[in-house]
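Residue strings, one per chain:
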Amino acid sequence: MIIRFSGPVLGAAAALALAGCQETTTAARPRVDAPGVPVSVQSISGAPDSVTTRFAGLLGEAAAERRMEIVPGDKPARFRVRGYLTAQPTEDGQTALAFVWDVYDESKKRAQRVQGESLGRRGGGSDPWSGIDQTVVAKAAAESMDAIASFLVTTPAVGAVLPADKAKAADAQANNLKATTAARTASTPAGKKL
């Protein structure tokens with residue numbers, strides 16, 4: 001059996017098909033580079049393992065594109081981040097992949113919370129994760145890194161120094177002070193004190 005459609009029906013069907021393919025998101029953040037501030041991703045929770053694995057890989061790629069320094073959890077980091085992912089149907093039938101990142105400073109106090117969402121295709125059935133595809137995950141990972149990088153570039157430069165670097169700087173200042181004092185003592189006539 002062959003079914004033939006007239007021009008107006010085909011036009012309406014094509015418009016509906018294209019509308020179903022379009023992806024909408026919340027306001028896009030501008031891409032931000034944040035080089036030189038070591039960050040450790042401590043955890044990503046809330047999503048099925050397959051989504052978490054894809055998201056973590058894409059998050060690493062997004063960080064590299066923004067010249068962010070991602071360090072392992074056991075290495076010194078200026079900030080440590082924990083991410084939470086959720087998928088939920090929207091009122092118009094699409095699926096939203098929402099992300100929340102808590103950014104903690106060296107003293108383990110939350111310094112910032114960043115959040116957003118990326119909208120995907122209509123989910124099938126009762127599992128909202130079925131509406132989350134690679135494109136939506138990639139967009140959420142990129143937007144996550146833009147949000148975190150935006151915070152990193154607005155933190156004071158003094159605060160970006162790691163504790164180990166602060167100790168090195170203090171040692172260097174002490175050595176410079178000793179060298180300056182020794183040089184002055186050597187150039188001072190005998191019997192005079194500085």
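As the structure is a computational prediction, the values presented were derived from the model and not from experiment.

Quick notes on the environment of Asp-133
No. 1: Relative to the helices and strands, Asp-133 resides in the loop between β5 (110–120) and α3 (134–154).
No. 2: A relative accessible area of 25% means that Asp-133 is categorised as partly exposed.
No. 3: In the structure, Asp-133 is positioned 13 residues away from Gly-120 in sequence and 7.2 Å away in space, judged by C-alpha atoms.
No. 4: A polar atom in the side chain of Asp-133 sits 3.0 Å from the backbone nitrogen of Val-136.

Describing the packing of aromatic side chains
No. 1: Considering all chains together, one arrives at 2 aromatic pairs under this definition.
No. 2: Between the aromatic rings of Phe-55 and Trp-101, the centroid separation amounts to 6.3 Å while the plane-to-plane angle is 20°, which identifies the pairing as stacked. Of this pair, Phe-55 sits in helix α2 (residues 49–65) while Trp-101 sits in strand β4 (residues 95–104); the two residues are 46 residues apart in sequence, bridging distant segments of the chain.
No. 3: Seen in terms of ring centroids, Phe-79 and Phe-151 are 5.2 Å apart; in terms of plane orientation they differ by 75°. Their pairing is edge-to-face. Here Phe-79, found in strand β3 (residues 79–89), pairs with Phe-151, found in helix α3; they are 72 residues apart in sequence, far enough to count as distant.
No. 4: A relative accessible area of 2% places Phe-79 in the buried class.
No. 5: The exposure class assigned to Phe-151 is buried, which follows from its relative accessible area of 10%.
No. 6: Over the face of the ring belonging to Tyr-104 we find Arg-82, whose NZ or CZ atom lies 5.5 Å from the ring centre.

Focus: the pairing of β5
No. 1: Inspection of the sheet shows β4 paired to β5 by 10 bridges, in the antiparallel sense. Paired with Val-100 across the two strands is Gln-115, which belongs to β5.
No. 2: The hairpin formed by β4 and β5 contains 5 residues between the paired strands, and Lys-108 there has a positive phi angle of roughly 65°.

With respect to the sheet that holds strand β1 (residues 38–45)
Hydrogen bonds between backbone atoms are what pair the strands of a sheet, whose relative direction is either parallel or antiparallel.
No. 1: If you walk across this open sheet you meet the 5 strands as β2-β1-β3-β4-β5, and the pairing is mixed. Bordering the open sheet on either side are β2 (69–70) and β5, each of which pairs with just one other strand.
No. 2: As judged from the 10 bridges shared by β3 and β4, these two strands associate in the antiparallel manner. Residue Gln-88 lies in a different strand from β4, and its bridge partner there is Ala-96.
No. 3: Its contacts with the sheet put α2 on β1, β2, β3 and β4, and the angle it makes with β1 is roughly 160°.
No. 4: Strands β1, β3, β4 and β5 of the sheet are contacted by α3, whose axis makes an angle of about 155° with β5.

Side note on α2
Along an α-helix, a turn takes 3.6 residues, which lines up residues three or four apart on a common side.
No. 1: The end-to-end C-alpha distance of α2 is 24 Å, a good match for the 24 Å that 17 residues give at a rise of 1.5 Å each.
No. 2: Taken together, the buried positions of α2 are Val-51, Thr-52, Phe-55, Leu-58, Leu-59, Ala-62 and Ala-63. Taken end-on, α2 shows its buried residues confined to a sector of 145°, consistent with a single buried face. In α2, the exposed positions that point more than 90 degrees away from the buried face belong to Asp-49, Thr-53 and Ala-64.
No. 3: Residues of α2 that are buried make contact with β1, β2, β3, β4 and α3.
No. 4: One or two positions beyond α2, positive phi appears at Arg-67, with a value near 60°.

Some words on the environment of Gly-83
No. 1: Turning to its location among the elements, Gly-83 is positioned in strand β3.
No. 2: With a relative accessible area of 0%, Gly-83 lands in the buried category.
No. 3: When the C-alpha positions of Gly-83 and Phe-99 are compared, they lie 6.9 Å apart, and in sequence the two are 16 residues distant.
No. 4: Once residues lying within four places of it in the same chain are set aside, the contact partners of Gly-83 are Ser-43, Ile-44, Ser-45, Val-100 and Trp-101.

Calculation rules
Residues numbered from 1 in each chain as written. Predicted model: local features only at pLDDT ≥ 70, side-chain atom pairs only at ≥ 80, totals over all residues. Heavy atoms only, no water. Helix = DSSP H or I, 4+ residues; strand = E, 2+ residues; numbered from the N terminus. Buried < 20%, exposed > 50% of the residue type's maximum accessible area, 1.4 Å probe, protein only. Polar contact = N/O pair within 3.5 Å; in protein donor to acceptor, adjacent residues only side chain to side chain. Phe/Tyr/Trp six-rings, centres within 6.5 Å; stacked < 30°, edge-to-face > 60°. Lys NZ or Arg CZ within 6 Å of the ring centre and 35° of its normal. Pairing = 2+ DSSP bridges. Contact = heavy atoms within 4.5 Å. Axes fitted to C-alpha atoms, helices over the stretch in contact; angles between N-to-C directions. Expected span 1.5 Å × (residues − 1). Arc of directions from axis to C-beta.

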